[in-house]
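Structure at a glance
So you can see what is in the structure, the chains are spelled out below.
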Amino acid sequence: MPAPSKPQTIWLPKLVLAPSFLLAILFIYGLMLWNGYLSVSASRLLPNYEFIGLENYADLMASERWQVAMRNLLVFGSLFVSLSMALGLLLAILLDQRVRAEGLLRSIYLYPMALSFIVTGTAWKWILNPGLGLEHLFRQWGFSEANFDWLVQSDRAIYCVVIAAVWQSSGFVMALFLAGLRGIDESIIKAAQVDGASLPRIYWRIIIPSLRPVFFSTLMVVSHLAIKSFDLVMALTAGGPGYATDLPATFMYTMAFSRGQIGLGAASATMMLATVAAIVVPYLYSELRQAKKA
Amino acid sequence: MTSTSFTTKHLARSMARTLALSGLLSLGQHARAGELEVLHWWTSGGEAKAVMSLKNSMQAKGHVWKDYAVAGGAGDAAMTVLKSRVVSGNAPAAAQIKGPALQEWAREGVLENMNDVARAEHWDDLLPPAISNLMKYKGNYIAAPVNVHRVNWLWVNPEVFKKAGAKVPGNWAEFFVAANALKKAGFIALAHGGQNWQDFTTFEAIALGEGGTEFYKKALLQLDPASLKSPTMEHVLNTFRQVKAYTDKNAAGRDWNLATAMVIKGEAGMQLMGDWAKGEFMATGKLPGKDFLCVPSPGSAKAYTFNVDSFALFKVKGQAKQAAQKDLATAIMSPEFQEVFNLNKGSIPVRMGMKMDKFDDCAKASARDFGDSSKAASLLPSVAHGMALPSATEGALKDVVSQFWNDEKMSVQQAQDRLLAAAKTH
């Protein structure tokens, strides 16, 4: 590529990038800071800038509902991330076996990703509802003992959210892994085959380890999806029964917008930001360090 | 009306329209026949008709009505819009706000004092004190009430009751007798929707029916710790849990109108719900007293839990706008509007002493009990419908009650302790 010949073009890229840079500063980082300040303010119905220290955080930690939301995040997050990645990888490996109609199958598995979480949530609400969905269906088929009412049990409902979320995302994870698999050099696999390695062994020792970068980026994508999950829960259970399937995002919405506790809502939003940061920062750090080494 | 005044008003109105078209309306500083922007969440059939009648009466006075309807979420969405409008210094002229939320807004100093209208129209004489107090902040009127919904109704399908050989219950002991008969005959005894406000509607009906008016006041309105820990509350919670056995397990997350549909279709025998449920029955051509019955919820015949909608006026600049606001407040409390609006909405007029001959039997009964309970001091705000407590406290109580309803493992003692803790949410 030819280097810019005239000195005045040096500021041109900066000028062109400036508006989006300013907007990002203002509407992402500016609002983060504002939210941070609201979380230590006495805001109730409307923002109020009286400083009250960490009172909102103390209230948050004492709140039974917040503890449920955090516990749910842990259950939902770990199951959703691990299941969708395991399922996605399995699908990708199976599709990689040069099956017939691969293009068709790929679109079928990827298709749930084209739906919004609201649609997924509503559809699964009906599928899992004991009076309408699977349980009803099986009973009509004559299995009168069929029982699948997790959606209406407070201690099981969160697993229903996991099921719907995994259904939605595993196709997407599959696509990422499939792209990674296609990028692996054929000759390495051929060499292993010549050495007499079995197919499972090739996958386990050669292919999956070389997918490491794909693993990390997939992990990033699905884990932040888990933390900011909101619409799926709203459509599927609306946080219920009771508040048994509340997640931090739905907690934040309820407090800040329905219950006139903007301060508390802001504190919970800050906690969510901290959770995301706890995952992203170490990742970015390791990535940047590798980039420097290279 | 003289022809000259008609033409001036006509002119003013068409001018305002032209301005609106040219986009100047949004600047909002031009003096003209008052523009009235009204934020509300009445968007469904009967409600929209009811709002239309208010719009017409304002336009008849020459004001420009700017409708700002925000649908969804039982007003949550509208409140979010309202907050952002007020924070950005661009409040609408009037907004639908109800209950203690009125006090919260008044505390922010953004609401208009409506005393002169209230005095001229004698609101103090027309409203029961239990309601006029809700409309006042520090003794000044800040909102105009529109209607009264009775919450403590039990809706009954008489045909189902006949098939099951059950008797319409007058107290909770009779309720369980009737519910057992219904269950035995293969019906769902009580149609319920598992959303936290519906859980609480049931809970407060039991607290009122089994605990009585005084207990309701002490435990749920004043949040007296001794009452929350009392054996009466223990009994109320036990009864509440017993009731759950008579609902179906698909109730989780069900909307109230779907539960009403179960009673209409004869799948379920009863529903505990406010009188907006009447609209669902009427819409299918059912007649009160014949195809469905409305009776006070068990044991609460002498009491009345209310849910009152109201409009608050926001401070706006410009004389024309302020005059329009005053006309709006006057119109809301006028007998004509109260009648037309409530006929459409299914509620009853909040203005006392009105003729009820155009209303149906349920509304007539409601109006009679409204007057009686006001005299007997048993006219009570409904906690489930945001009439009694600050939204944070109310939400915390609802959380406990719903959790208790859904989680069989929570003991009554635990629920009482949690209610006590929730009552301290400020």
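Residues numbered from 1 in each chain as written. Chains lettered and ligands numbered in written order. Predicted model: local features only at pLDDT ≥ 70, side-chain atom pairs only at ≥ 80, totals over all residues.

**What about the environment of A:F215?**
Residue and element names in this part refer to chain A. This is how the line gets drawn: Under the DSSP-based scheme used, a helix requires at least four consecutive residues in state H or I and a strand at least two consecutive residues in state E, with every element numbered from the N terminus. To assign burial, the other C-beta atoms lying within 10 Å of each residue's own C-beta are counted, with C-beta atoms placed from the backbone; 20 or more indicates buried, 12 or fewer indicates exposed, and intermediate counts indicate partly exposed.
Note that F215 resides in helix α10 (residues 212-227). Accessibility expressed as a C-beta count within 10 Å gives 16 for F215, which makes it partly exposed. For the pair formed by F215 and L176, sequence separation is 39 residues and the distance between their alpha carbons is 8.9 Å.

**So, the domain arrangement of chain B**
Residue and element names in this part refer to chain B. Using the following cut-off: Segmentation into domains, and thus their bounds, comes from an automatic or database assignment. In this classification, the charged set is Asp, Glu, Lys and Arg, the nonpolar set is Ala, Val, Leu, Ile, Met, Phe, Trp, Tyr, Cys and Pro, and all remaining amino acids, among them Gly, are polar.
Domain assignment breaks chain B into domain 1 (33-149 + 307-361) and domain 2 (153-306 + 376-423). Elements supplying a minimum of two residues to the side of domain 1 that touches domain 2: α4 (101-107), β6 (143-150) and β11 (304-313). Its residues assigned to classes, the side of domain 1 that touches domain 2 comprises 6 nonpolar, 6 polar and 4 charged.

**Remarks on the packing of helix α3 (residues 64-95) of chain A against helix α7 (residues 157-182) of chain A**
Residue and element names in this part refer to chain A. Short version of the rule: Between the N-to-C directions of two axes lies an angle of 0 to 180 degrees, each axis being a line fitted to C-alpha atoms and, for a helix, fitted only over the stretch in contact. Orientation labels follow simple angle bins: below 35 degrees gives roughly parallel, above 145 gives roughly antiparallel, 65 to 115 gives roughly perpendicular, and whatever is left gives oblique. Take the far helix as your reference; a near helix turned counterclockwise from it by less than a right angle gives a left-handed crossing, and one turned clockwise gives a right-handed crossing.
Interaxial distance between α3 and α7 falls to 6 Å at its minimum, and their mutual angle equals 40 degrees. What the angle tells us is that α3 and α7 run oblique. Relative to α7, α3 is oriented so that their crossing is right-handed. Looking at side-chain class alone, the contact of α3 with α7 contains 21 nonpolar, 5 polar and no charged residues.

**A look at the interface of chain B and chain A**
Note the cut-off: Here the contact rule is simple: place C-beta atoms from the backbone, and any two residues whose C-beta atoms are within 7 Å are in contact.
Listed as interface residues are 22 residues of chain B and, on the opposing side, 23 residues of chain A. At the level of secondary structure, the elements contributing two or more residues to the side of chain B that touches chain A comprise α3 (76-87), α4 and α18 (391-406) of chain B. Looking at side-chain class alone, the side of chain B that touches chain A contains 6 nonpolar, 9 polar and 7 charged residues.

**Comments concerning the sheet that holds strand β7 (residues 153-156) of chain B**
Residues and elements named next belong to chain B. Just so we agree on the cut-off: At least two bridges found by DSSP between two strands are what make those strands a pair.
In space, the 4 strands of this open sheet follow the order β8-β9-β7-β10, with mixed pairing throughout. Edge strands, defined here as strands with exactly one partner in the open sheet, are β8 (188-191) and β10 (293-296). When strand polarity is set aside, the average angle formed by the axes of neighbouring strands in this sheet is 25 degrees.

**Side note on the packing of helix α12 (residues 231-244) of chain B against helix α19 (residues 412-423) of chain B**
Residues and elements named next belong to chain B. Interaxial distance between α12 and α19 falls to 10 Å at its minimum, and their mutual angle equals 115 degrees. You can see that α12 and α19 cross each other, and the crossing is right-handed. Contacts between α12 and α19 involve M233, E234, L237 and N238 from the former and V412, A415 and Q416 from the latter.

**Here we look at the nonpolar core**
For clarity, the cut-off: Definition of nonpolar core: a set of buried Ala, Val, Leu, Ile, Met, Phe, Trp, Tyr and Cys residues joined via C-beta atoms within 7 Å.
In terms of nonpolar packing, the biggest core is built from 134 residues, with B:A94, B:W155 and B:A312 touching the most fellow members. Here this core takes 9 residues from helix α10 (residues 196-221) of chain B, the largest share from any one element. Taken together, domain 1 (33-149 + 307-361) and domain 2 (153-306 + 376-423) of chain B each give at least three residues to this core, which thus spans both. The contact partners of B:W155, leaving out residues within four places of it in the chain, are B:T260, B:V263, B:M270, B:Q271, B:M273, B:A277, B:F292 and B:C294. Counting 55 residues, the second largest nonpolar core, distinct from the first, contains A:Y109, A:L178, A:Y243 and A:A266.

**A short note on unusual backbone geometry**
All names here are of chain A. The phi angle at R98 is positive, at roughly 55 degrees, despite the residue not being glycine. Take R98: there are 6 C-beta atoms within 10 Å of it, and that puts it in the exposed class. Positioned with a positive phi, A238 is a non-glycine residue whose angle comes to about 55 degrees. If you trace the backbone, A238 turns up in the loop between α11 (231-236) and α12 (248-258).

**Let's talk about the confidence of the model for chain B**
All names here are of chain B. Note the following rule: Every residue is assigned a pLDDT by the predictor, reflecting its confidence on a scale from 0 to 100.
Looking at chain B as a whole, its pLDDT mean stands at 87, while 92% of the residues score no less than 70. This model gives residues 1-9 a pLDDT under 50, and the stretch forms 3 contacts once residues within four places in sequence are excluded. In the model, residues 14-32 has pLDDT below 50 throughout and makes 15 contacts with residues more than four positions away in sequence or in other chains. Note on the complex model: pTM 0.84, ipTM 0.79.

**Topic: the pairing of β10(B)**
All names here are of chain B. Only one face of β10 is covered, namely the face carrying C294 and P296; the face carrying L293 and V295 is uncovered. Sheet analysis places β7 next to β10, joined by 4 bridges and oriented antiparallel. Looking across to β10, one finds that V156 is bridged to L293.

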